[in-house]
Amino acid sequence: MHARLSSLNLDVQRSSLTEAAEAEWALVRGGGAARLAVLTRSADARLLGELEGETSSAAGGTLLLGPTSPRNAAALRRALPWLAPRPLGLATSAGLGDRLGLATPGHVRAVRAAGGRIAPIFAQQSIREMSRTARTPLEVMDAATWGAFQEGWRDPVGADADHLKTPADIDACAAAGFCFFTIDPSEHVDPRADSLSLPALREAFGALPWPSFGDSADGLTRRYLGRTFPVEHLQIPFDEATLVRAGVKYGRAVVHVAAMYQHLVRTMAGRPFELEVSVDETETPTSPAEHFWVASELKRLGVSWVSLAPRFVGRFEKGVDYIGNLAELETAIAAHAAVARHCGPYKLSLHSGSDKFGVYPIAARLTAGLVHLKTAGTSYLEALRTVAALAPSFFRSIYEFARGRYETDRASYHVSASLARAPRPEAVGDAALAGLLEQFDAREILHVTFGSVLREGVVDGRPRFYAELMGLLRSNPEAYAANLESHFRRHLEPFVPWAAGGVPSGATVPARAGRD
Ligand code: ZN
């Protein structure tokens, strides 16, 4: 078969053209929504039976034109198996979350522009953000599939079911084909441990759920108390305060992760998957000793995982650069990376990882590429940047609305923007509106209010913002993709020299950082 689809009178998206399963596949435009075109040599009943759409005779074969529906997305992942997510292992990787379902083409272009060596996760959304955007796990999955198909992406992709808190979350995401599961036990982390006195810590330690821990307080104490663990350049001593504080703070979280892991093993029933443990959304930083304790106890309980996100020192606020002392952060990353190599190796995961341009070179070097970068909301901000240029007054009304929602919506996020410092909408001229995306306060305000903006109720029979926002992005896909590409190149490029086991010339590799 030689590219006969392109000889038909169809507006074929050239980057999507591919041959597989004895058929030719492409995305076609024209007449509004994109459609799937499949041209088979003969009427392949089995293949056509898996697809939905209208068939006709064309170019000596059978042409099917169908919607970008869940059924066709599933058939696509079967026929073009590289589109089906798979575990990425220890490869340097990046999660590029997409709340609108239109960002994958721009993400693909950014990964390619950065050299193509970072393993990407295009389908990634937390349960919290799925409910805020009224999307199902399958919709998240399918949007990434269609975007990767459109751009002709053929390298491995992962799919991250992010910040899962309950077994039901696991079930919903496993059914949709996710294979990277981020378990968030933060509700079981006890932040009071950092301020309790030693007697109070002893009492709380004694009250831990020891049966589900598979151990006794005595057994645990024997394994740690008075011992010092050498971990690369670190000596990690466990005096009583360190041990009982780690136990009180993270003990229930460890038990929860182990239970979730067991549920995952049963649910996946032999299908390959990988696990991430994230404690980033907690009040106080994770010390290297606490990280070591959590990793050691998870291992003892039979959990295996590919990446772990500690809560770092300083502030990783949404959508803005790191706030804090970079030298202090550097020391912390060096210690956490050492623990991750020693106890794993597994990757260190950077959550709320978008826009942390000061952190990337440090994290890439100190982990030697054994790192996962996770971003989510910053692609929505690039959508707003696109809209600010296309429809200034519409963007201004979104910003005005976002300001009104900020004090309410900020509650579930770590942000410090102030309404008083953010420019007033009427004071910003059309040409300067996109500049609001560079102003710290306005940027955070726009970031945390996305759910309200997307779901804001109907006015005069129409959703107030959602339909117009999506319509603008759908009819200007190149503008959105270009903004995403240049934004994410800056995220990915610092990691590229270290990806795929590389070492930049002149760089020193951390001790024992070799990978096989
Ligand atoms: Zn996170």
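One can find the structure itself at the top, above this paragraph.
Residues numbered from 1 in each chain as written. Predicted model: local features only at pLDDT ≥ 70, side-chain atom pairs only at ≥ 80, totals over all residues. Heavy atoms only, no water.

Attention shifts here to helix H10 (residues 240-268). Taking 1.5 Å of rise per residue, 29 residues should cover 42 Å, and H10 covers 39 Å from first to last C-alpha, within 8% of that figure. A maximum bend of about 50 degrees is found in H10 at Tyr 250. The positive-phi residue at the C-terminal boundary of H10 is Ala 269, with phi of around 45 degrees. (Helix = DSSP H or I, 4+ residues; strand = E, 2+ residues; numbered from the N terminus. Expected span 1.5 Å × (residues − 1). Bend = angle between axes of the 7 residues up to and from the residue.)

With distances of 2.0 to 2.5 Å, the protein atoms coordinating the zinc ion are His 163 (NE2), Asp 280 (OD) and His 351 (ND1). Between consecutive donor residues of the zinc ion, the sequence gaps follow H-x116-D-x70-H. Residue His 163 is located in strand S9 (residues 158-164), and its partner Asp 280 is located in the loop between strand S13 (274-278) and helix H11 (288-300); the two are separated by 117 residues in the primary sequence. For the pair His 163 and Asp 280, a shared accessibility class is recorded, and that class is buried. (Donors = N, O, S within 2.8 Å, 3.2 Å for Na, K, Ca; no water. Buried < 20%, exposed > 50% of the residue type's maximum accessible area, 1.4 Å probe, protein only.)

Let us now look at the sheet that holds strand S15 (residues 347-350). Read around the closed barrel, the eight strands follow the order S7-S8-S9-S10-S13-S14-S15-S16; overall the barrel is parallel. Going from strand to strand, the sheet's axes swing by 25 degrees on average, the running direction of each strand aside. Contacting strand S7 (93-96) and strand S8 (119-126), helix H3 (residues 104-113) runs over the sheet at an angle of about 150 degrees to S8. (Pairing = 2+ DSSP bridges. Axes fitted to C-alpha atoms, helices over the stretch in contact; angles between N-to-C directions. Contact = heavy atoms within 4.5 Å.)

Turning to the pattern of salt bridges, a few remarks are in order. Using the criterion set out here, one finds 33 salt bridges in the structure. For Asp 430, the salt bridge identified is with Arg 396, shortest N-O distance 2.8 Å. Remark: Arg 396 occurs in helix H15 (residues 392-409) and Asp 430 occurs in the loop between H15 and helix H16 (440-448); sequence separation between them is 34 residues. Given the relative accessible area of 18%, Arg 396 is considered buried. A single salt-bridge network, built from bridges that share partners, covers Arg 99, Arg 128, Glu 129 and Glu 281. (Salt bridge = Lys/Arg side-chain N within 4 Å of Asp/Glu carboxyl O.)

This part is about helix H9 (residues 217-224). An α-helix turns once per 3.6 residues; consequently, residues spaced three or four apart project the same way. If you check which residues of H9 are buried, you get Gly 219, Leu 220 and Tyr 224. End-on, the buried residues of H9 take up no more than an arc of 120 degrees, which puts them together on one face. Looking at H9, the residues exposed on the side facing more than 90 degrees away from the buried face are Asp 218 and Arg 222. On its buried side, H9 packs onto helix H7 (198-206), helix H8 (210-213), strand S11 (228-231), H10 and H11. Count one or two residues on from H9 and you reach Gly 226, which has phi positive near 80 degrees. (Arc of directions from axis to C-beta.)

Moving on: the nonpolar core. Trp 25, Phe 178, Phe 181 and Trp 293 are the most contacted members of the largest nonpolar core, which totals 155 residues. Looking at which domains feed residues into this core, each of domain 1 (2-79) and domain 2 (87-187 + 272-516) supplies at least three. The contacts of Phe 178, once residues within four sequence positions are left out, are Ala 123, Pro 137, Val 140, Met 141, Ala 159, Asp 160, Ala 161, Cys 173, Met 268 and Arg 271. Core analysis: the next-biggest nonpolar cluster, separate from the first, contains 10 residues, Val 12, Leu 39, Ala 58 and Leu 63 among them. (Core = buried A, V, L, I, M, F, W, Y, C linked by side-chain atoms within 4.5 Å. Domains from an automatic or database assignment.)

Moving on: the packing of aromatic side chains. In this structure the tally under the stated criterion is 21 aromatic pairs. Relative to Phe 465, the ring of Phe 401 has its centre 5.2 Å away and its plane inclined at 55 degrees; by these criteria the two rings are tilted. You can see Phe 401 sitting in helix H15 and its partner Phe 465 sitting in the loop between strand S18 (462-463) and helix H18 (466-475), a full 64 residues away along the chain. The pair Phe 401 / Phe 465 is uniform in exposure class, with both members buried. An aromatic cluster is present here, built from Phe 205, Trp 210, Phe 213, Tyr 224, Phe 229, Phe 238, Phe 292 and Trp 293 joined pairwise through their rings. Just above the ring of Phe 357 sits the side chain of Arg 490; from NZ or CZ to the centre is 3.9 Å. (Phe/Tyr/Trp six-rings, centres within 6.5 Å; stacked < 30°, edge-to-face > 60°. Lys NZ or Arg CZ within 6 Å of the ring centre and 35° of its normal.)

Take it as geometry only, folks, not as evidence of what the structure does.
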